[in-house]
Amino acid sequence: MYLIHYRLPFSLHNHRHLSFPLPSTATATAKKLVPFLSMSTSSQETSMDEKQEELLNQVLKYHNQTKHSFTNYARGPHGLDWANQPNPFRRYISAPLLPLLHPSSDDQNKPLYASLFNSIPSPKPISKTTISQLFYNSLALSAWKTTGFSTWSLRVNPSSGNLHPTEAYIISPAIDSLSEHSFVAHYAPKEHALELRAQIPSGFFTGCFPEGFLIGFSSIFWREAWKYGERAFRYCNHDVGHAIAAVSMAAAGFGWDVRILDGLGYEELDKLMGLETFPKFSIPSRPVKGRMPEIEFEHPDCVLLVFPKSIEEFDVDYEKVRVALSEFSNFQWKGKPNMLSKEHLCWDIIYRTAEAVKKPLKTENDLVPKPFRSSRMISENSYKGFSLDEVVRKRRSAVDMDGVTMMGYWFAEGIILLVRNEDHLHEIRTATRPEFKWVKPDGCPDDLPLYELAQGDCRELSKRLSCHQDIASDGCFSLGMVAHLKPTLHEKGAWMYPRLFWETGVLGQVLYLKHMQLAFLLLELVVFSTILP
């Protein structure tokens, strides 16, 4: 499954000691960006260049200000305000509710989880049944937990702190027994139902997307900020990645492919999901506490095109889509969003950064379907014959580790590095400690760029890197992801920043499901999932 089309260069800093310190939290001075538009006058070029530099500086300021260090944590609330814990369920009051189906447990035609890495089944038609199952296996509730007087739900898609800032929408042509017209609807996971927000002209799909339908994601920053303070923007985008992977995996079970429509800009996404109806939030000049209902708005993140895998090629005319979306502002949008908290605490840097990463429309078509590639690294024998439904719906986050269980495979105790882009192997070797061994673990396939750097007990290091949490040192392994931040942002623009976190979330969800199949539990400790400059 090809989810994000950017291959991110990786870089590791040259740390001379195993117990290395974190990078400096001082705000780095951004290099001047190369103008990315051809303007008619030098003054226009300079103005545009300065604007892009300003946006980039805001992103780098946020990134550095919200890092944890060994001596200081990023700013957050001093304790949890339980009286104002956000409602985890967004509802659109008075919007028509379209119930979805709960799948039958007697269905014997469910694909095996492992089989999806070797071949994709023939596409199934878009129907109420398949749409119901898609949401059920990606974004629905998976269980309820109770302890003492507290009860809470779990979902198929993981979330930092189980706070679930990600909301989902479906934009679809007419579906029998669900809607006679093309429509936009919000997914309500607690009810496993769609809240009809608007009916849209059928020509939107015939003219722009003749095959398939759309799934949109948005983030409510307040849900994460309630617990995590200024770092909430990181976690919200990490959870977008979880949701992208969850939908992609569920769609594969129906023979459907998924692509991010990354040519669309912020304004187009806002119109498409009907999020323009939220009151505009005025960003304060500093952190402020009080009643601020407008802080519960939804920030549009991305839209996925879901289509039959059998389609080999197609084009998306983003300019045509933009023109069609200009009419969405005139639609009658149904339902009023419910209030999530009585009082709020606004961390202003979150919202300034959200403004800085708003993506402009890109009219060039870069949506190119790619042929399916099977993964010969996946052995069906290791997956115990579990169906896709069983794996995705039984995913859980670990709450404790025994400190004894080992991974097996090729790994000895120590530091292992997977070089996802081998074009950067030389750069990484040059940037890291010269005494690293850079040898393949015993039994590792020759064409897998996995390297053993050093052997030794790294449990204390793992604990220190995860805010001194024992669970990081007691698990089978502790994993970190590293990206080359500044060059990527200079090349693409400030809007690329959230997408780096999307990618970590996609990888995190794949790891979750992999370990569920192997009878391990995984816990993502995102406290130090930081992107190094």
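Scroll up for the structure.
Below: a short report on this structure. Everything numeric in this text was worked out from a predicted model, so none of it was measured.

**Digging into the overall build of the protein chain**
In step 1: Assigned secondary structure in the protein chain consists of 14 helices and 15 strands.
In step 2: Each of the 533 residues in the protein chain was classed as buried or not, and the buried ones make up 53%.
In step 3: Sequence-distant contacts in the protein chain: of pairs separated by 6 or more residues, those separated by 24 or more amount to 82%.

**A short note on helix 7 (residues 318-325)**
In step 1: Taken residue by residue, helix 7 has Tyr 318, Val 321 and Leu 325 as its buried positions. The buried residues of helix 7 all sit within an arc of 55° when viewed along its axis, so they share a single face.
In step 2: Elements in contact with the buried residues of helix 7: helix 3 (203-208) and helix 6 (266-272).
In step 3: Measuring from the backbone nitrogen of Glu 319 back to the side-chain oxygen at the start of helix 7 gives 3.2 Å, which picks out Asp 317 as the cap.

**Overview of the environment of Ile 200**
In step 1: With respect to the secondary-structure elements, Ile 200 resides in the loop between strand 7 (193-199) and helix 3.
In step 2: Assessed through its relative accessible area of 5%, Ile 200 is described here as buried.
In step 3: With 131 residues separating them in the primary sequence, Ile 200 and Phe 331 have C-alpha atoms 7.7 Å apart.
In step 4: Contacts of Ile 200, omitting those with residues within four sequence positions, involve Ile 171, Ser 182, Phe 183, Val 184, Phe 205, Phe 328 and Phe 331.

**A look at the sheet that holds strand 2 (residues 97-99)**
In step 1: Here we have seven strands laid out as an open sheet, ordered 2-7-6-5-8-11-9, and antiparallel in their pairing. Only two strands of the sheet have a single partner each, and these edge strands are strand 2 and strand 9 (256-260). Averaged over all pairs of adjacent strands, the angle between their axes in this sheet comes to 30°, without regard to strand direction.
In step 2: With four bridges connecting them, strand 5 (residues 166-172) and strand 6 (residues 183-188) associate as antiparallel partners.

**Observations regarding the side chain of Asn 237**
In step 1: Tracing the chain through its elements places Asn 237 in helix 5 (residues 232-252).
In step 2: At 2.9 Å, the side chain of Asn 237 forms a polar contact with the backbone oxygen of Phe 233.
In step 3: A polar contact of 3.1 Å, which involves the side chain of Asn 237, links it to the side chain of Trp 502.

About the criteria used
- Residues numbered from 1 in each chain as written.
- Predicted model: local features only at pLDDT ≥ 70, side-chain atom pairs only at ≥ 80, totals over all residues.
- Heavy atoms only, no water.
- Helix = DSSP H or I, 4+ residues; strand = E, 2+ residues; numbered from the N terminus.
- Buried < 20%, exposed > 50% of the residue type's maximum accessible area, 1.4 Å probe, protein only.
- Contact = heavy atoms within 4.5 Å.
- Arc of directions from axis to C-beta.
- Polar contact = N/O pair within 3.5 Å; in protein donor to acceptor, adjacent residues only side chain to side chain.
- Pairing = 2+ DSSP bridges.
- Axes fitted to C-alpha atoms, helices over the stretch in contact; angles between N-to-C directions.

By themselves these figures say nothing about function.
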